[in-house]
Amino acid sequence: MNLNLDFSFYNWDLISNFVLKGLYFSVMLTVVATLGGIFFGTILALMRLSGKKWLDVPATIYVNGMRSIPLVMVILWFFLLVPLLIGRPIGAEVSAVVTFIAFEAAYFSEIMRAGIQSIPRGQVFAGQALGMSYGQNMKLVVLPQAFRNMLPVLLTQTIILFQDTSLVYAIGAYDMLKGFEVAGKNFGRPIEAYLAAAVVYFAMCYLLSWLVKRLHKKIAIIR
Amino acid sequence: MSWDWQVFCEDTIERQPVESCFGKGGDITYLDWMLSAWGWTVSVSLLALLLALVLGIVIGTLRTLPDRPMVVRLGNAWVELFRNIPLLVQIFLWYHVVPTMFPVMRGVPGFVLVVFALGFFTSARIAEQVRSGIQALPRGQRYAGMAMGFTTFQYYRYVLLPMAFRIIIPPLTSETMNIFKNSSVAFAVSVSELTMFAMQAQEETSRGIEVYLAVTGLYILSAFAINRIMAFIEKRARIPGFVVAGGAGGH
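(A) A look at the overall build of chain B. A tally of regular secondary structure across chain B gives nine helices and zero strands. Taken from the N to the C terminus, the helices and strands of chain B come in the order α-α-α-α-α-α-α-α-α. Taking the principal axes of its C-alpha atoms as reference, chain B extends roughly 75 × 50 × 35 Å. Taking all 251 residues of chain B together, the buried fraction comes to 37%.

(B) Representation of the overall build of chain A within the structure. When you go through chain A residue by residue, the secondary structure sums to eight helices and zero strands. Reading the secondary structure of chain A in the N-to-C direction produces α-α-α-α-α-α-α-α. Its C-alpha atoms give chain A principal-axis dimensions of about 70 × 50 × 30 Å. Counting across all 223 residues of chain A, residues that qualify as buried make up 38%. Long-range contacts, defined as pairs at least 24 residues apart, comprise 74% of the intrachain contacts of chain A with a sequence gap of at least 6.

(C) Geometry of the interface of chain B and chain A. Across the boundary between the two partners, chain B contributes 33 residues, which contact 33 residues of chain A. Among the elements of the structure, helix H3 (87-101), helix H8 (194-205) and helix H9 (208-237) of chain B are those that each provide at least two residues to the side of chain B that touches chain A. Considering only residue class, the side of chain B that touches chain A consists of 22 nonpolar, nine polar and two charged.

(D) Highlighting the packing of helix H1 (residues 30-62) of chain B against H8(B). Residue and element names in this part refer to chain B. Remark: H1 packs on H8, axes separated minimally by 8 Å, with the N-to-C direction vectors making an angle of 150°. Between H1 and H8, the crossing angle belongs to the class labelled roughly antiparallel. Counted together, Tyr30, Trp33, Met34, Ala37, Trp38 and Thr41 of H1 and Leu194, Met196, Phe197 and Ala201 of H8 form the full contact between these two elements. Among the residues making up the contact of H1 with H8, the classes are represented as nine nonpolar, one polar and no charged.

(E) Representation of the confidence of the model for chain A in the model. With 92% of its residues at a pLDDT of at least 70, chain A reaches an overall mean of 89. When mean pLDDT is compared element by element in chain A, helix H4 (residues 92-117) of chain A scores highest at 94, while helix H8 (residues 190-222) of chain A scores lowest at 88.

(F) Region of interest: the nonpolar core. Residues Ile75(A), Leu76(A), Leu88(B), Ile91(B) and Ala198(B) are the most contacted members of the largest nonpolar core, which totals 113 residues. The greatest single-element share of this core, amounting to twelve residues, is contributed by H4(A). When residues no more than four places from it in sequence are discounted, the contact partners of Ile75(A) are Ala96(A), Thr99(A), Leu167(A), Val168(A), Ala170(A) and Ile171(A).

What counts as what
Residues numbered from 1 in each chain as written. Chains lettered and ligands numbered in written order. Predicted model: local features only at pLDDT ≥ 70, side-chain atom pairs only at ≥ 80, totals over all residues. Helix = DSSP H or I, 4+ residues; strand = E, 2+ residues; numbered from the N terminus. Buried ≥ 20, exposed ≤ 12 C-beta atoms within 10 Å, placed from the backbone. Contact = placed C-beta atoms within 7 Å. Nonpolar A, V, L, I, M, F, W, Y, C, P; charged D, E, K, R; others polar. Axes fitted to C-alpha atoms, helices over the stretch in contact; angles between N-to-C directions. Parallel < 35°, antiparallel > 145°, perpendicular 65-115°, else oblique. pLDDT = per-residue confidence, 0-100. Core = buried A, V, L, I, M, F, W, Y, C linked by C-beta atoms within 7 Å.

Written as structure tokens, this is what we have:
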């Protein structure tokens, strides 16, 4: 085994120049895609549960379609199509944000659908008995409970999403992995750069999943 | 916008249409290239699946052993390690770091390294499913096996695992479909699978939409085929009167 590693080139200057810029983008992409994905995912879930065919069928096709294509292909598709549709070129970063919201909406919609279905029918009937409209019933009774029940699953999906942001590599967007790679190339130390990237990703994801596990326990006791 | 599907019949060097759409002699058309890329996707996925199943079943089972805290802890560490690093980073580690650190691995082709990366990555997920499958069984089954005088190996082999495998077929189906989707990440280390083909053919021909549509179609076709095969296995393996609830998987 050849362990001739040298991490001494990592200093604060290098980290702030190369890695932090990428980390900022990765985190921003994760947060925006989670919020956007939950928003559009909830709409998709409500469409699928509406019982109206003209809402249900397109939403089902969209969700199943997105879920059977590799994320890398979706990233490439959007990078190709969005400029054609809006008639001007867009940057890899903007394209990545649009792609991740659209892609994650499909996954979050499955989670929200399960969450809404986990609410006992009696809750809906109780809302109706109080004279609530469909919108009020959803907003005040069903969705808050569904959201809460599904919180650990939503957060787990966010961790997966954070890992998946590294795939913007395909269109050359500057995320954390790219930051490490560029730093490694500039200093002729690619091996150390990849190892450091792995350690940082591991630490962040492990910490997050540990927090989710704790939250899960807390929620489980209250219910 | 106009379609130009003729692009698949062009050979990849001169960009001249070939009559039969399949290249003759040493020449290949884009159609030939795409089909060979599909072959790479399928081979990477199936080999990685095989590796992931073997590792995942062994590690998942070890994680449920009673009175073996060290083994359980090692199994948990394995799962956490391979679950918390993005697949792309793991592929880079296998492709760039492993051959440098272990000179034995230097001659190994990239294709094999990607199979290792994808297989180890997926093994952690399968280990998790196998563990939850075994733990979903009523405790009485284990005790019944012990009461019959079975050894630990025997009650796993004859009592727990046969039931656990049937329980985990639905999540295993989505994991198998995930392997096919995840194999697309191999583009990053220049394995000439479908996504790599899509990127290069798009660049060379500028007929991105046609190329992407065809590649996406092949991915959907593969996913559908797996879905049918696993449904068939599930049906054949079903025990009358024993109903198991389906599970859902991530991506």
